[in-house]
Amino acid sequence: MSIQAYQNNSVETASPGELTLMLYNGCIKFIKLARTSMENNEIEKKNTNIQKAQNIIQELMVTMNQEYAISKQIMPLYDYMYHRLIEANTKNDVAILDEVQGLTEEFRDTWKQVILKTRQQQHGKGAMAK
């Protein structure tokens, strides 16, 4: 199986929670690539990778379930991150990229905990039903 086929299969078989985790990881990856490109003065690569990170944040915003109260707190943070990426791009500011990467990592790590707790609860209920 090729790497591309494996990646496509991973996305197709992932739960919504796992897809969100993939988005966070992708965003972090593109921010890191943008940072390296910025340090190497590769303006086009920097721009492309920042735009990819912005697209992921937009996707997170669009797909967020607005029924939960926490969404009202998360949405402004996503919006902030999105606009900080624009600022990092126009100012060539590595510190801003680091800030957004840190926020994204916090979201990712929290999301991992949510997935783990959900799995534990699902498996715990399944074991009790037997």
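What you are looking at is a predicted structure, and each value in this text was computed from that prediction instead of being measured.

Moving on to the packing of helix α3 (residues 43–63) against helix α4 (residues 71–91). Two numbers describe how α3 lies on α4: the axes approach to 10 Å, and their chain directions differ by 170 degrees. Classified by the angle between their axes, α3 and α4 sit roughly antiparallel to one another. From α3, Lys-46, Asn-47, Ile-50, Ala-53, Gln-54, Ile-57, Gln-58, Leu-60 and Met-61 reach across to α4, where they touch Met-75, Tyr-78, Asp-79, Met-81, Tyr-82, Leu-85, Ile-86, Ala-88 and Asn-89.

Summing up the model confidence of the protein, the mean pLDDT is 89 and the portion of residues at 70 or higher is 85%. When mean pLDDT is compared element by element in the protein, α3 scores highest at 97, while helix α1 (residues 3–13) scores lowest at 58.

Let us look at α3. End to end, α3 covers 30 Å across 21 residues, agreeing with the expected 30 Å (1.5 Å per residue, within 8%). What α3 keeps buried is the set Lys-46, Asn-49, Ile-50, Ala-53, Gln-54, Ile-56, Ile-57, Leu-60 and Met-61. Buried residues of α3, seen end-on, are gathered within an arc of 155 degrees and therefore sit on one face of the element. Away from its buried face by more than 90 degrees, α3 exposes Glu-44 and Val-62.

Summarising the element assignment, Gln-101 is placed in helix α5 (residues 94–129). Ignoring any residue separated from it by four or fewer positions in sequence, one finds Gln-101 in contact with Ile-28, Ile-31 and Lys-32.

All right, on to the packing of aromatic side chains then. By the definition in use, this model includes two aromatic pairs. Measuring from centroid to centroid gives 6.0 Å for Tyr-24 and Phe-107, while their planes differ by 5 degrees, and the two rings are stacked. Highlighted residues: Tyr-24 in helix α2 (residues 16–39) and Phe-107 in helix α5, separated in sequence by 83 residues. Ring geometry for Tyr-78 against Phe-107: centres 5.0 Å apart, planes inclined by 50 degrees, an arrangement best described as tilted. Highlighted residues: Tyr-78 in helix α4 and Phe-107 in helix α5, separated in sequence by 29 residues. We note that Tyr-78, like Phe-107, is buried. In this structure an aromatic cluster arises from ring pairing among Tyr-24, Tyr-78 and Phe-107.

Scoring rules and cut-offs
Residues numbered from 1 in each chain as written. Predicted model: local features only at pLDDT ≥ 70, side-chain atom pairs only at ≥ 80, totals over all residues. Heavy atoms only, no water. Axes fitted to C-alpha atoms, helices over the stretch in contact; angles between N-to-C directions. Helix = DSSP H or I, 4+ residues; strand = E, 2+ residues; numbered from the N terminus. Parallel < 35°, antiparallel > 145°, perpendicular 65-115°, else oblique. Contact = heavy atoms within 4.5 Å. pLDDT = per-residue confidence, 0-100. Expected span 1.5 Å × (residues − 1). Buried < 20%, exposed > 50% of the residue type's maximum accessible area, 1.4 Å probe, protein only. Arc of directions from axis to C-beta. Phe/Tyr/Trp six-rings, centres within 6.5 Å; stacked < 30°, edge-to-face > 60°.

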